[in-house]
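Chain by chain, the residues run as shown.
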Amino acid sequence: MLGEGIVRGMVVTAKNFLGSFVNRDRLTTIQFPEERLPHIEASRNFPFLVYDGDDWQQGMRCVACQICEKECPPKCIYIEKSTQKKADAAGKPQFYPETFNIDVSVCMSCQICVEVCPFEAIKMDNEFEYSTESRFDFLLWDKKKLSKSNEYYRKIHPTEAALVDARLREERARMEAKMSKSSAIKAGPVP
Ligand code: SF4
Ligand code: SF4
């Protein structure tokens, strides 16, 4: 019958409208910001840079390899690699981004930067309330603004962060075993 779909749609709408007066589950909207939906772990908005420990500069995981910059489809990441190395949170000398900017007015939240990062250094945030009264809060975010702790990452994506933590622990243990083996070889046989 012509228009049957429209009638069925109107019936569903009417059921939800009238039902919402007696059954709260039929309410499909909430009174934001007074009311808030529970946080969804898999939700995402813009990327952030993860750091270990308390110092965002020392603990920054990013080694400025620039893979994310190359792979970002709308090219909204801009990185300048350092010329000197600095010790990371584990004490290993690493290059770091002298500049790391993301133009979030261009970012399309595709998560490709996260997928391609070999160092678990960039993850998706789920913060979305960025409105501000100042016209000087630009949408070009620098590394300081982008940096957030691993504790924050654990809080917003606990399942994913637990897997990443386990993988990094394994990698670090492997690296330490390799280093102690090579220093034992260098030291030579015990007389
Ligand atoms: S989420 Fe996508 S668009 Fe945004 S910075 Fe990452 S790769 Fe680029
Ligand atoms: S965030 Fe990851 S992929 Fe991007 S430059 Fe840093 S280490 Fe490389």
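Procedures and definitions
Residues numbered from 1 in each chain as written. Chains lettered and ligands numbered in written order. Predicted model: local features only at pLDDT ≥ 70, side-chain atom pairs only at ≥ 80, totals over all residues. Helix = DSSP H or I, 4+ residues; strand = E, 2+ residues; numbered from the N terminus. Rg over C-alpha atoms; globule rule 2.2 N^0.38 Å. Buried ≥ 20, exposed ≤ 12 C-beta atoms within 10 Å, placed from the backbone. Contact = placed C-beta atoms within 7 Å. Near = placed C-beta within 6 Å. Nonpolar A, V, L, I, M, F, W, Y, C, P; charged D, E, K, R; others polar. Core = buried A, V, L, I, M, F, W, Y, C linked by C-beta atoms within 7 Å. Pairing = 2+ DSSP bridges. Axes fitted to C-alpha atoms, helices over the stretch in contact; angles between N-to-C directions. Expected span 1.5 Å × (residues − 1).

> Quick question: what am I supposed to make of the overall build of the protein chain here?
Of regular secondary structure, the protein chain possesses six helices and eight strands. Scanning the protein chain from its N terminus toward the C terminus, one meets helices and strands in the order α-β-α-β-β-β-β-α-β-β-α-β-α-α. A globule of 191 residues ought to have a C-alpha radius of gyration of about 16 Å, yet the protein chain, at 24 Å, is considerably larger. With respect to the principal axes defined by its C-alpha atoms, the protein chain has extents near 95 × 40 × 35 Å. When each of the 191 residues of the protein chain is scored for burial, the buried share is 18%. The contacts in the protein chain between residues at least 6 apart in sequence include a share of 67% that link residues at least 24 apart.

> What is the right way to look at the site of ligand 1 in this model?
Around ligand 1 sit 14 residues, and of these Cys72, Cys107, Cys110, Ile112 and Cys113 come closest. For the shell around ligand 1, the per-class residue count stands at 12 nonpolar, two polar and no charged.

> Would you take a moment to explain the nonpolar core for this structure?
Soluble, globular proteins show a tendency: their nonpolar side chains are buried together. By size, the foremost hydrophobic cluster in this structure holds 22 residues, and its most contacted members are Leu49, Cys62 and Ile122. Secondary-structure elements contributing two or more residues to this core are strand S1 (47–51), strand S5 (97–103) and helix H5 (150–156). Take this core: its biggest share by element is four residues, from S1. Among residues more than four places away in sequence, those in contact with Ile122 are Pro47, Leu49, Cys62, Cys68, Cys113, Val114 and Cys117.

> When you look at the sheet that holds strand S8 (residues 147–149) in this model, what are you seeing that I'm missing?
Two orientations exist for strands paired in a sheet by backbone hydrogen bonds: parallel and antiparallel. Taken together, three strands build an open sheet; the order of strands is S6-S1-S8 and the sheet is mixed. The open sheet has two free edges, formed respectively by strand S6 (122–124) and S8, since each of these has just one partner strand. Each strand axis lies, on average, 50° off the axis of its neighbour in the sheet, ignoring direction.

> Which parts of the structure should I look at to understand the site of ligand 2?
Around ligand 2, the structure places 13 residues, and the nearest of them are Cys62, Cys65, Cys68, Cys117 and Ile122. Of the residues contributing to the shell around ligand 2, the split by class is 12 nonpolar, one polar and no charged.

> When you look at helix H1 (residues 4–19) in this model, what are you seeing that I'm missing?
What sets the pattern is the α-helix's 3.6 residues per turn: residues three or four places apart point alike. Taking 1.5 Å as the rise per residue, H1 with 16 residues should run 22 Å; its terminal C-alpha atoms sit 22 Å apart, in good agreement. Taking burial as the measure, the 16 residues of H1 include zero buried ones, a minor fraction of the element.

> Is there a simple way to think about the sheet that holds strand S2 (residues 77–81) in this case?
The strand order across the open sheet built from three strands is S2-S5-S7, with neighbouring strands paired in antiparallel fashion. The two strands at the open ends of the sheet, each matched to only one other strand, are S2 and strand S7 (140–141).

> I tried to follow the environment of Asp52 on my own but got confused; where do I start?
Tracing the backbone shows Asp52 in the loop between S1 and helix H2 (67–71). Taking the C-alpha atoms as reference points, Asp52 and Cys107, 55 residues apart in sequence, are found 25 Å from one another. When residues no more than four places from it in sequence are discounted, the contact partners of Asp52 are Gly59, Arg61, Ala89 and Asn150.

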